[in-house]
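An overview of the molecular structure
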Amino acid sequence: MASIPTLALNDGRQIPQIGYGCWQIAEAQAPTLVTQAIMAGYRLIDTAAAYGNEAGVGRGIRESGVPRDEIFLTTKLWNDRQGPDAAKAFEESRKKLGLDYVDLYLIHWPCPQRRLFVQTWKAMIALRDEGKIKSIGVSNFTDEHLATLIGETGVTPAVNQIELHPSFQRREARGSNAARGIVTEAWSPLGQGKLNDPAIAAIAKAHGKSPAQIVLRWHAQIGDVAIPKTSSLQRILENISIFDFALSEDEMTKIETLDDPNGRIGPDPATFC
């Protein structure tokens, strides 16, 4: 079983550097796939209310037989529950998961036009203080959103989960997060399967690894957390097997050249809600 490095959060806790992402995993599939991931060595499991699979994810965690305190579970608050509904929405997620607490709860999108993310954050701080959430964070927040959140509450998110992959490397966002003591977590870390670049293929051949393993190793070496999603047991095993080799400085530089300012796959956080 793979041994997964962890990164320190600003609240004194640790987060595994690679996890199993549950986006687009059907509720019926989730128990089996989550259990397989945990048996393969994953300890970070990432879901969200919007994914519609929290009950299946929670069941998979319970059926794995691994002690609850060894699992780091993340879920997220969807946009339409920001504001006065935030605490109720969290409790609904917790009940679906069938767990006593959540390790990390995130605001899924800032939805700045609704002007509710500060109120939502205050509710999450209270839930953390009650022990229902161990760590609190955000997803898809820009530096401007973070400045507002921290300025109005004095509480810095532990994590900012953002779109990040070789075609959209987010150097400025990563630097901003790091300067604030926030861990960057990458969603769509493989660029939703865009792994056909010749440079990545050549590096993969040199190491006897798959292109996906090269990209995930790149994430590990730039210091973020990656949560690849797959429904394949072979890829579940493959994606976690990235800690027995290292990319050279030259290989890292070659991957850095793949950055594209127009490489975004998902929505723009400044306007999406």
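Residues numbered from 1 in each chain as written. Predicted model: local features only at pLDDT ≥ 70, side-chain atom pairs only at ≥ 80, totals over all residues. Heavy atoms only, no water.

**Quick notes on the sheet that holds strand β7 (residues 133-139)**
Taken in spatial order, the eight strands make up an open sheet running β3-β4-β5-β6-β7-β8-β9-β10, and their pairing is parallel. A single partner strand is all that each edge strand has here, and the edge strands are β3 (20-21) and β10 (225-226). Where strand β4 (residues 44-46) meets strand β5 (residues 72-77), three bridges bridge the pair, whose relative direction is parallel. Looking at β5, one finds that I45 is bridged to L73. (Pairing = 2+ DSSP bridges. Helix = DSSP H or I, 4+ residues; strand = E, 2+ residues; numbered from the N terminus.)

**Regarding the pattern of salt bridges**
Following the criterion strictly, the structure yields 13 salt bridges and no others. Residues R128 and D129 are paired through a salt bridge, measuring 3.3 Å at the closest nitrogen-oxygen approach. Looking at D129, the relative accessible area reads 56%, which means it is exposed. D143 is paired through a salt bridge with R180; the nearest N and O atoms lie 2.8 Å apart. (Salt bridge = Lys/Arg side-chain N within 4 Å of Asp/Glu carboxyl O. Buried < 20%, exposed > 50% of the residue type's maximum accessible area, 1.4 Å probe, protein only.)

**Thoughts on the pairing of strand β9 (residues 183-187)**
Consecutive residues of a regular strand have side chains that alternate between opposite faces of the sheet. Summarising burial for β9: five of the five residues are buried, a large majority. Side-chain alternation along β9 places V183, E185 and W187 on one buried face and T184 and A186 on a second face that is also buried. Across five bridges, the pairing between strand β8 (residues 159-163) and β9 is parallel. Paired with Q161 across the bridge in β9 is E185.

**Points about the packing of helix α1 (residues 30-40) against helix α2 (residues 54-64)**
Two numbers describe how α1 lies on α2: the axes approach to 7 Å, and their chain directions differ by 45°. Judged by the inter-axis angle, α1 sits oblique to α2. The hand of the α1/α2 crossing is right-handed. Side by side, α1 and α2 meet where A30, P31, V34, T35, I38 and M39 of the first sit next to G56, V57, R59, G60, I61, E63 and S64 of the second. Considered class by class, the residues forming the contact of α1 with α2 number seven nonpolar, four polar and two charged. (Axes fitted to C-alpha atoms, helices over the stretch in contact; angles between N-to-C directions. Parallel < 35°, antiparallel > 145°, perpendicular 65-115°, else oblique. Left-handed = near helix turned anticlockwise from the far one by under 90°. Contact = heavy atoms within 4.5 Å. Nonpolar A, V, L, I, M, F, W, Y, C, P; charged D, E, K, R; others polar.)

**Details of the pairing of β7**
Counting buried positions over the seven residues of β7 gives six, a clear majority of the element. When strand β6 (residues 102-107) meets β7, the two strands line up parallel, connected through five bridges. Looking across to β7, one finds that I107 is bridged to V138. One crossover worth recording links β6 to the parallel β7 by way of helix α4 (residues 117-129), and it is right-handed. (Right-handed = clockwise from strand over helix to strand, strands pointing away.)

**What about helix α8 (residues 211-222)?**
In this model, α8 (twelve residues) spans 17 Å end to end at C-alpha, consistent with the 16 Å of a helix rising 1.5 Å per residue. Taken across its twelve residues, α8 has nine buried, putting it largely inside the fold. Residues of α8 that are buried: A212, Q213, I214, V215, L216, R217, W218, H219 and A220. If you follow the buried residues of α8, they end up packed against β9, α7 (198-207), β10, α9 (233-240) and α10 (249-256). Where α8 ends, the next residue or the one after it, G223, has phi of about 95°, a positive value. (Expected span 1.5 Å × (residues − 1).)

**A look at unusual backbone geometry**
One non-glycine residue with positive phi stands out, namely C111, at about 45°. Along the chain, C111 falls in the loop between β6 and α4. At S188, a residue that is not glycine, the phi angle is positive and equals roughly 50°. In this structure, S188 sits in the loop between β9 and α7. Taking the relative accessible area as the measure of exposure, S188 reaches 11% and is therefore buried.

**Quick notes on the nonpolar core**
In this structure, Y20, I45, V57 and W121 are the most contacted members of the largest nonpolar core, which totals 66 residues. The dominant element in this core, judged by the number of residues it contributes, is α4, at seven residues. Contacts of I45, omitting those with residues within four sequence positions, involve Y20, C22, V34, I38, V57, I71, F72, L73 and T74. Counting residues in each nonpolar core, the second largest holds 15 residues, with L9, L106, A158 and I227 among its members. (Core = buried A, V, L, I, M, F, W, Y, C linked by side-chain atoms within 4.5 Å.)

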